[in-house]
Amino acid sequence: MPSNRDLVFSGKYIVFEGPDGNGKSTQVRLLKDGLKKMKFRCFVTKEPTEWSLFGQLVRDIYVATPEETHQMLYLFRHGTPLAEFRYALLFKNRLQSYINQFIEKIEIYLDGDKNSLKYDLLTEIIQRAITFDRLLHMMYSVTPALSQGKVVISDRNFLSTLVYGRNVESYYEMQKGVLENWFLKPDITFILSVSLKEGMRRIRNRYAEKLDLFEIEEIQKDVHTRYQTLSNTASMKALDIGKEVVSLDGNKEYDETAEEVFKTLLNLKVFGDALQNL
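Being a predicted model, the structure only gives us computed values, none of them experimental.

### Some points on the overall build of the protein chain
- Along the protein chain, the regular secondary structure elements total 12 helices and five strands.
- Within the protein chain, buried positions represent 51% of all 278 residues.
- Considering only contacts within the protein chain whose residues lie at least 6 apart along the sequence, 77% involve residues at least 24 apart.
- Here the protein chain has roughly 13300 Å² of accessible surface; of this, 50% comes from carbon and sulfur atoms.

Written as structure tokens, this is what we have:
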């Protein structure tokens, strides 16, 4: 049975990355609108997803209190959905060890104080949950859309999981092991940089009442540093995350950045000569 990585698709896979408040969602929308005017069929998506049980868990944890997180992980561990996932996707038992490790991390978390955040352990659980979420995302959303010749435009992918997590070695074990064969590499990844000050201003304007787990300024400082480190050419080659990786200034007006995105797609011939009349 061939892996996703062995298949050739007629569609294109474009990803927007970077810290919170950099305008990813806006650029996804502007690119979709621009391509649709040129008669491209587009499929817009994001990670973590909003429909898989793993994506839902991650999104709920983002805005939960420590006590709520403890309760959610308990229900997730002892509920039926995880068992269903275990038996539905264990083709030739190739995912068994990864799911067992995921369950073990949840149990370690549940053994601790339910009012304590245990941030490092929680981010590893989130990393693993997002990785399984990505597997489902690839199987049921991205791959079918690409096989239909659509342009898949995604808000976040592999880099976000690496940047926002803490246990890099554990994540690489999963990413570079069995699961890697099912993770398609984007045709192009745009990393939108933004100053910490501007990013936090946009975040606060968007969510005036409550910031999520990763949107507090202390965490965002670390996120910005990690993205800056990963954005250099050597790091990108070592990570081997896709065919093209382009860094753009996300501090600019959204329309200016959108114009740079289209120019980059044109210059790199991501769509061949189809954008020549832009």
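### Points about the nonpolar core
- Grouped together as the largest cluster of nonpolar side chains are 24 residues, with contacts concentrated most on Leu73 and Phe102.
- Counting only elements with at least two residues in this core, the list comes to helix 2 (53-62), helix 3 (66-78), helix 5 (96-111) and helix 6 (119-147).
- Among the elements that take part in this core, helix 6 stands out by supplying eight residues, more than any other.
- Excluding residues within four positions of it along the chain, Leu73 makes contact with Leu57, Ile61, Ile106, Tyr109, Leu110, Leu122 and Ile125.
- In this structure, Cys42, Ile188, Val261 and Leu265 belong to the second largest nonpolar core, which totals 19 residues.

### Thoughts on the packing of aromatic side chains
- Here the structure, examined in full by the defined rule, presents seven aromatic pairs.
- Plain terms: the ring middles of Phe54 and Phe132 are 5.4 Å apart, the flat faces sit at 40 degrees to each other, and that makes the pair tilted. One end of the pair, Phe54, is in helix 2; the other, Phe132, is in helix 6, and 78 residues separate them in sequence.
- Under the relative-accessibility criterion, Phe132 is labelled buried at 0%.
- Feature note: the residues Phe54, Phe76, Phe102 and Phe132 constitute an aromatic cluster, connected by ring pairs.
- Here the basic side chain of Arg134 rests over the ring of Phe183, its NZ or CZ set 5.9 Å away from the ring centre.

### As for the pairing of strand 1 (residues 12-17)
- With respect to burial, strand 1 is a largely interior element, five of its six residues being buried.
- With five bridges connecting them, strand 1 and strand 3 (residues 151-155) associate as parallel partners. By the bridge assignment, Val15 is partnered in strand 3 with Ser154.
- Judged from the four bridges that link them, strand 1 and strand 4 (residues 188-193) form a sheet pairing that is parallel.

### Comments concerning helix 1 (residues 24-37)
- Compared with an ideal rise of 1.5 Å per residue, which puts 14 residues at 20 Å, helix 1 spans 20 Å between its outermost C-alpha atoms and is within 8% of the ideal.
- Those residues of helix 1 not exposed but buried are Lys24, Thr26, Gln27, Val28, Leu30, Leu31, Gly34 and Leu35.
- Those residues of helix 1 hidden inside the fold are in contact with strand 1, strand 2 (42-46), strand 3, strand 4 and helix 12 (254-267).
- Downstream of helix 1 by a residue or two, Lys39 has a phi angle that is positive, lying close to 75 degrees.

### Details of helix 2
- If you check which residues of helix 2 are buried, you get Phe54, Gly55, Leu57, Val58, Ile61 and Tyr62. Angular distribution of buried residues about the axis of helix 2 spans 160 degrees; they occupy a single face of the element.

### What about the environment of Val261?
- Mapped onto the secondary structure, Val261 falls in helix 12.
- Overall, the relative accessible area of 1% leaves Val261 in the buried class.
- Through-space distance from the C-alpha of Val261 to that of Phe190 is 8.0 Å; in sequence the pair is 71 residues apart.
- Residues within four places of Val261 in sequence aside, it is in contact with Phe16, Gln27, Leu31, Phe190 and Leu248.

### Section: the sheet that holds strand 3
- Taken in spatial order, the five strands line up as 2-3-1-4-5 in an open sheet, and their pairing is parallel. At either end of the open sheet lies a strand with only one pairing partner, and these are strand 2 and strand 5 (245-249). In this sheet, neighbouring strand axes are inclined to one another by 20 degrees on average, regardless of whether the strands run parallel or antiparallel.

### A short note on the pattern of salt bridges
- In total, this model carries 12 salt bridges according to the counting rule given.
- A salt bridge links Asp222 to Arg226; its shortest N-O distance comes to 3.4 Å. Here Asp222 pairs with Arg226, and both are found in helix 10 (residues 217-230), just four residues apart, close to one helical turn.
- The exposure class of Asp222 is partly exposed, given its relative accessible area of 28%.
- Take Arg226: its relative accessible area is 21%, and that puts it in the partly exposed class.

Thresholds applied
Residues numbered from 1 in each chain as written. Predicted model: local features only at pLDDT ≥ 70, side-chain atom pairs only at ≥ 80, totals over all residues. Heavy atoms only, no water. Helix = DSSP H or I, 4+ residues; strand = E, 2+ residues; numbered from the N terminus. Buried < 20%, exposed > 50% of the residue type's maximum accessible area, 1.4 Å probe, protein only. Contact = heavy atoms within 4.5 Å. Areas by Shrake-Rupley, 256 points an atom, 1.4 Å probe, with all protein chains shown as cover. Core = buried A, V, L, I, M, F, W, Y, C linked by side-chain atoms within 4.5 Å. Phe/Tyr/Trp six-rings, centres within 6.5 Å; stacked < 30°, edge-to-face > 60°. Lys NZ or Arg CZ within 6 Å of the ring centre and 35° of its normal. Pairing = 2+ DSSP bridges. Expected span 1.5 Å × (residues − 1). Arc of directions from axis to C-beta. Axes fitted to C-alpha atoms, helices over the stretch in contact; angles between N-to-C directions. Salt bridge = Lys/Arg side-chain N within 4 Å of Asp/Glu carboxyl O.

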